[in-house]
Amino acid sequence: MSDAIWLVAGGQNIDLIATARQPFHLSDSTPGDVVERAGGVAFNIARNLALLTRPVYFLSVRGDDAVGLALDSIGRESNLELDHVLVKTDLSTSRYIAINDETGDMVAAINDMTAMESLEPRDVENWCTLASAPCREVDSRPMRPCAAVIDANLPEDVIVHLANEWGIPIFVDAVSQAKVDRLKPVFHRLAGLKLNRVEAERLTGHRIASIENAVKAIHQLLASGIERICLSLGAEGALFTDGRQTVATQYDCVIEKEVDGRIVKTTSIINTTGAGDAMCAVFAWATISGHALDGAARLSQAAASLALESPGAVNEAMTIEALERRAASPRLTVQVI
């Protein structure tokens, strides 16, 4: 555990995840499995961070309802500090519905983030003071805020307000193509940005159809003042850059197992929901922990691969030791490009 306090601000919601058991077809009913679980980009990031370092202050909003209380319970079980979560008595806690194909890859999703969208800068004044709070005792150790992670579920004016008020390094998860533009006014304040292919295409205005395209995209974004960028490319791995170095990472999820006396190739992937959140959490944590870019990249890819092997959005088995073992695996490759 590090002697520092993390702030994580953004979305929390209940996820309803439907995964097809056979080839998925639009405009048709497909047999599958439906599970309900806690989610939200910032909530997942906070829970991942709390597996590596504490305390983690989670800053969000929920309704005064059973779903909100359930999320509170899960957050406390995950060792999050929830005293600054706002409660809106007139709104429902956010909900998210995702449909995965038979491989576990998401093909569609809809979110109801009305409570989050209702936030205004005046609502988060108490959040603003956390980053400048004096050193405090936590478990008999002196601690002070060291860094923050924000997700783009927050309204743009709230993101700008927090970025202006917080004098600590800020990392951001772009969340979605529909919300990524909210981050443009604070690019100059970011210690790190994690985004995926479609979000990068939205920000740069260019299609990313190759690694070469992706490298151009992250360097275009880096020119806006961002210190480090993590671009997830799904099955193709991820790219990381700090302007001095650019590295590509990939993890081989293909495994062999015995089925009816035969050795067949299959995948270690159980679901893809939450892998990007784990990558973002470890990208921020590794950077603040002092890892060079290639080391942070390796650990971030390791975190994503561990998340892919969990039925939940957060793999509770992720520890610093588990990350280091996975990062050293020959199935995880890092290449300077």
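Anyway, here's the lowdown on the structure attached to this text. Throughout this description, residue numbers start from 1 for each chain and increase along the sequence as written. In view of the model being predicted, local features appear only for residues whose pLDDT reaches at least 70, and side-chain atom pairs are presented and counted only at 80 or more, with totals across whole chains, interfaces and linings using the full set of residues. Excluded from the side-chain calculations are hydrogens and water; all other atoms, namely the structure's heavy atoms, are used.

Things to note about the overall build of the protein
Here's step 1: Counting from the N terminus, the helices are the DSSP runs of H or I reaching at least four residues and the strands are the DSSP runs of E reaching at least two. Looking only at helices and strands, the protein features 10 helices and 20 strands.
Here's step 2: Here the C-alpha radius of gyration of the protein, 19 Å, is about what a compact globule of 337 residues would show, namely 20 Å.
Here's step 3: Each of the three principal axes of the protein carries a C-alpha extent, and together these read 60 × 45 × 45 Å.
Here's step 4: In the protein, buried positions account for 52% of the 337 residues.
Here's step 5: Contacts between residues were defined by any pair of non-hydrogen atoms, one from each residue, lying within 4.5 Å. Contacts spanning at least 24 positions in sequence make up 65% of the contacts within the protein whose residues lie at least 6 apart.
Here's step 6: With an accessible surface of roughly 14900 Å², the protein has 49% of that area assigned to carbon and sulfur atoms.
Here's step 7: The charge count treats Lys and Arg as positive and Asp and Glu as negative. His and the chain ends do not count. For this purpose, a charge sits on NZ of Lys, CZ of Arg, CG of Asp or CD of Glu. Taking the 30 positively charged and 44 negatively charged side chains of the protein as two groups, their mean positions are separated by 3 Å. What the globule rule says is 2.2 Å times the number of residues to the power 0.38, and the radius of gyration is computed from C-alpha atoms. Any residue under 20% of the maximum accessible area for its type is buried, any over 50% is exposed, and the rest in between are partly exposed; the area is computed with a 1.4 Å probe on protein chains only. Note on areas: these come from Shrake-Rupley sampling with a 1.4 Å probe, and a residue is covered only by the protein chains present in the view.

Focus: the sheet that holds strand β9 (residues 106–112)
Here's step 1: With mixed pairing, 4 strands are arranged side by side in an open sheet as β3-β2-β8-β9. Each edge of the sheet is formed by a strand with only one pairing partner; in this case those strands are β3 (32–39) and β9. The sheet shows a mean angle of 15 degrees between the axes of neighbouring strands, direction not considered.
Here's step 2: The pairing of strand β8 (residues 95–100) with β9 spans 6 bridges and is classified as antiparallel. Any two strands are treated as partners once DSSP identifies two or more bridges connecting them. Helix axes use the C-alpha atoms of the stretch in contact, all axes being lines fitted to C-alpha atoms, and the angles between their N-to-C directions lie in the range 0 to 180 degrees.

Concerning a nonpolar patch on the surface
Here's step 1: A cluster of nonpolar side chains, contributed by L16, V34 and I97, occupies part of the molecular surface with about 250 Å² of accessible area.
Here's step 2: With respect to the secondary-structure elements, V34 resides in strand β3. Think of a patch as exposed residues, more than 30% relative accessible area, with no salt bridge, where like charges cluster within 9 Å and nonpolar side chains (Val, Leu, Ile, Met, Phe, Trp, Tyr) cluster within 5 Å. Whenever a carboxyl oxygen of Asp or Glu lies within 4 Å of a side-chain nitrogen of Lys or Arg, that contact is scored as a salt bridge.

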